[in-house]
Each structure stands twice: as structure tokens, then as C-alpha cells.
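These are the residues of each chain, in order.
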Amino acid sequence: MTQATRSTILTGDRTTGPLHLGHYIGSLRARVQLQHEANQFLLLADVQALTDNVGRHQKVTENVVEVALDYLAAGIDPAKSTILIQSQVPELAELSQYLLNLVTVARLERNPTIKEEIRLRGFERDIPAGFLTYPVSQAADITAFKATHVPVGDDQLPMIEQTNELVRRFNNTVDRAVLVECEAVLSQVTRLPGIDGKAKMSKSLGNAITLGATPDEITKAVNNMYTDPNHLRVSDPGQVEGNVVFAFLDAFEPDVQKVDELKAHYQRGGLGDSVVKRVLNERLQTLIEPIRTRRQELEADRGEVMEILRRGTMRAREVAAQTLSEVKGALGLSYFQN
Ligand code: TRP
């Protein structure tokens, strides 16, 4: 990428727990690569986490540091990427307020991701207004930095669509191209299943392997992985589809030929679960060991981590403040200039 076309990337993670292998494969690994090519902002979305964690604010703020540790341990370089804390950039809240006038309640209620989350959380008609409107806050996160690219999972596509609707409405309203439309960047890797075989790895479902997992925790998780329930004897032919061990090998074992051979052998019969699990365990141990070690070193130096977050947040504030001054200027809200 040349300097002229250098893109601005914004990513966001709700700080509801430390990151796990699903995050690593779905987004974090790519961000570590992207930081060399683009101007990258990583937003720790504590404000968004609060929209459905009322009363659990302490957990949310503790997790800000946990996620930051995961970023840094996995290879995010604060000299190349800007890590910021959402709640400490008041310009984001300010921009949300202006954008909220450009969306209807009916449109917010139609967002498919929000709909699904409302169902999962059992909000029914008692939806916190802050929760219903978080896609607008997310649009503010993206547009405040004039992000051109937003790496997301497919569940976040409705947010990008709503963001771009808001950008167009805003620019139309003020008759000026102030905000910038963005493009979703979908991760190539399909979603990593939980170790129990459920479709999605998630800390709250208790089926995750975190990036700080100890060697023992990794081994236990691999040994507990859901395989083929009908593969009773080693000599039986086994199923690869829906088999979590093979889904993980597909995601984490770079030697594709080796994985293909294991699959063929398993399907033929004669390959036991314990052998495949041993291969995967070794792979995951090798992957996580340096991340865990680096994480422990950083944990021992929290002052340094907080300093990285403070500097990143300050840098981000300058960018957001510039956009806000353009936004307010376009709306005629610059009473005291000149
Ligand atoms: N909604 C995202 C999630 O569920 C987090 C997030 C907040 C985000 N602001 C963002 C993602 C901006 C992309 C861009 O984790």
C-alpha cells in the first residue's frame, strides 16, 4: 500500500472478558499484520460493554486492561497501532449525540444483530435505550477517525451498513463531505467453534481457550474437545465435519498437507482421537506459549501498560477532536470562533 492510499483501520472489542483463540484467529492475528500497512486504531469499547452490563461496571473496566494485555501480548505494537479507551474520548459521545437525530427508532429496531441480541438477553420490551442505540455509538467510533476499513465478523455487517447510512445522511444534511464511508473487511477464517462443538467460542459459554491459558488448561481443553460421538473404536471410520479437533487443526496448523493426511486417515478408520488431539495440543502449546509469557511480563508492569493506553487515547483524542470541530462547524455549532 502506498502512502497516498494508506487506509485508516478501526477495530473495536467490547471489554466483556479477556480474548480467546476465537478472537485471535478471527481478528487479532490479522490486526498484527495490518498494523504494518495501515493507520490502525484499536478501540477498547467499554462504553458499549456497559450498554448491557449495568451494575457490572467493575468487571467491564477490569477487562479493559485484560484485552489490552491480550493485544500487546499477541504482537500489537503501540508504536504502529493506536490503542484507545472509548470512555476516555468524550468526542465519541458527542458525535453520537448528533448522529442520533439522523436515525429512527424503527430503523434501530430493524438492525438484525440488535434484534438477535435483544432476543438472547431476554430484554423483550424493556430494552435499555443505550443498548438499542449502540450501533449509532459504533458509527461515531468509526467516523470520528474517518476510518476507511473496519475489520469485523459477519455479525457486525449490519453495523457497517448503518454507519454508512448515517454518513450519507449527515453529509447530505450539511451539504458537505465531512464524514467518510467505510468498508467492512471480513476475516477469511470461518468462525472457530467452542471446544464443546457449539457454533461459537465464547467465554460466557465456558467453551473457550484464552490467550493466557496455562499448558494444563490447554491440554485439558483439547482432551475435552467434542469429536465424533460415533467414533467409538480406533478402527471405526470417523467424521471430520463437525469435529472440533479438525476445525482447530484447519485454523491453527499451517501444514495443510499434514491436516489432509490426518483427515483421510481418520475417515478411513484406524486413527484414534487421542493421536489427533496430541497433534493439536502440541500446535496450540507452541502458539500460546510466547503469548502467555509476554502477557505475564506485561502483567508484572501494569504501569507501563496504563501508560501505553494513556498515550494511545490522547493521540486518538486529537484525531477525534479534529473531526468534531468539522462536524460542529458544518452544523453551525461554532459560536465562539472569530
Ligand atoms: N460491536 C463490537 C462488538 O460487538 C465492538 C465495537 C465497538 C466495534 N465499536 C466498534 C467494532 C467500532 C467495530 C468498529 O464487539
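Quantities reported herein were computed from a predicted structural model and do not represent experimental measurements.

Caption draft 1: The arrangement of the overall build of the protein in detail. In terms of helices and strands, the protein carries 14 helices and five strands. For 338 residues, the compact-globule formula gives about 20 Å, and the C-alpha radius of gyration of the protein, at 22 Å, lands near that figure. Across its three principal axes, the protein shows a C-alpha extent of roughly 80 × 45 × 45 Å. Among the 338 residues that make up the protein, the fraction classed as buried is 48%. Put simply, 77% of the contacts in the protein that link residues at least 6 apart link residues at least 24 apart. Of the roughly 16,900 Å² of accessible surface on the protein, a fraction of 51% belongs to carbon and sulfur atoms. Charge centroids of the protein, computed over 38 positive and 44 negative side chains, lie 2 Å from each other.

Caption draft 2: Region of interest: helix α4 (residues 90–99). Within the sequence span of α4, burial applies to Glu 91, Leu 92, Leu 95, Ser 96 and Leu 99. End-on view of α4: buried residues confined to an arc of 140°, all on one side of the axis. For α4, the secondary structure elements touched by its buried residues are β2 (39–45), α8 (134–144), α9 (157–174) and α14 (302–330).

Caption draft 3: Seen up close, the side chain of Asn 53. Looking at the element boundaries, Asn 53 is found in the loop between α2 (46–50) and α3 (57–74). Each residue touching Asn 53, except ones within four places of it in the same chain, is listed here: Thr 16 and Val 60.

Caption draft 4: Main features of the site of the ligand. Neighbouring residues of the ligand: Leu 10, Gly 12, Arg 14, Leu 43, Ala 45, Gln 48, Gln 138, Asp 141, Ile 142, Val 150 and Gln 156. Contact distances for the ligand include 2.9 Å between a nitrogen atom and a side-chain N or O atom of Gln 138. Isolated, the ligand exposes 360 Å² of accessible area, and the fraction of that covered by the protein chains is 91%. For the shell around the ligand, the secondary-structure elements that each account for two or more residues are β1 (8–14), β2 and α8.

Caption draft 5: The packing of aromatic side chains, seen in detail. Counted according to the given criterion, the structure contains six aromatic pairs. Pairing Phe 131 with Tyr 134 gives two aromatic rings, centres 5.3 Å apart and planes at 70°, and the pair type is edge-to-face. Accessibility expressed as a relative area gives 1% for Tyr 134, which makes it buried. The interplanar angle of 65° and the centroid separation of 5.0 Å between the aromatic rings of Phe 246 and Tyr 266 together place this pair among those described as edge-to-face. Taken together, the residues Phe 246 in helix α11 (residues 244–252) and Tyr 266 in helix α12 (residues 256–268) connect sequence positions 20 residues apart. Per residue, the accessibility class of Phe 246 equals that of Tyr 266, and both read buried. Aromatic ring contacts, followed pair by pair, group Phe 123, Phe 131 and Tyr 134 into a single cluster.

Caption draft 6: Expanded view of the environment of Ala 147. By the secondary structure assignment, Ala 147 is in the loop between α8 and β4 (149–152). Residue classification places Ala 147 among the buried positions, given a relative accessible area of 0%. Residues Ala 147 and Ala 93, 54 residues apart in the sequence, show an inter-C-alpha distance of 17 Å. With sequence-adjacent residues up to four places away left out, Ala 147 is seen in contact with Thr 8, Leu 10, Ile 142, Val 180, Glu 181 and Cys 182.

Caption draft 7: Local environment of the side chain of Arg 295. In this fold, Arg 295 is placed in helix α13 (residues 273–299). Setting aside its immediate chain neighbours within four residues, Arg 295 contacts Pro 18, Glu 66, Leu 69, Asp 70, Ala 73 and Gly 212.

Caption draft 8: Looking closely at the domain arrangement of the protein. Here the protein is partitioned into domain 1 (3–192 + 301–330) and domain 2 (212–297). Placing the centre of domain 1 and that of domain 2 at their C-alpha centroids yields a distance of 33 Å. Overall, the association of domain 1 and domain 2 removes approximately 990 Å² of surface from exposure, summing both partners, and the carbon and sulfur fraction of that is 68%. When the buried surface of domain 1 facing domain 2 is broken down by residue, Leu 21, Ala 73 and Leu 192 rank first, second and third, together holding 48% of it. Linking domain 1 to domain 2 there are two salt bridges.

Caption draft 9: Summary view of the pattern of salt bridges. Under the definition given, this model contains 27 salt bridges. A salt bridge links Arg 295 to Asp 70, with the shortest nitrogen-to-oxygen separation between them at 2.6 Å. Within this pair, whereas Arg 295 is found in helix α13, its partner Asp 70 is found in helix α3, the two being separated by 225 residues in sequence. Both residues of the pair, Arg 295 and Asp 70, count as buried. Each of Glu 66, Asp 70, Arg 295, Glu 299 and Arg 302 takes part in one network of salt bridges that share partners.

What counts as what
- Residues numbered from 1 in each chain as written.
- Predicted model: local features only at pLDDT ≥ 70, side-chain atom pairs only at ≥ 80, totals over all residues.
- Heavy atoms only, no water.
- Helix = DSSP H or I, 4+ residues; strand = E, 2+ residues; numbered from the N terminus.
- Rg over C-alpha atoms; globule rule 2.2 N^0.38 Å.
- Buried < 20%, exposed > 50% of the residue type's maximum accessible area, 1.4 Å probe, protein only.
- Contact = heavy atoms within 4.5 Å.
- Areas by Shrake-Rupley, 256 points an atom, 1.4 Å probe, with all protein chains shown as cover.
- Lys, Arg positive; Asp, Glu negative; His and termini not counted.
- Charge placed at Lys NZ, Arg CZ, Asp CG, Glu CD.
- Arc of directions from axis to C-beta.
- Near = heavy atom within 4 Å.
- Polar contact = N/O pair within 3.5 Å; in protein donor to acceptor, adjacent residues only side chain to side chain.
- Phe/Tyr/Trp six-rings, centres within 6.5 Å; stacked < 30°, edge-to-face > 60°.
- Domains from an automatic or database assignment.
- Buried area = accessible area lost by both parts, 1.4 Å probe.
- Salt bridge = Lys/Arg side-chain N within 4 Å of Asp/Glu carboxyl O.

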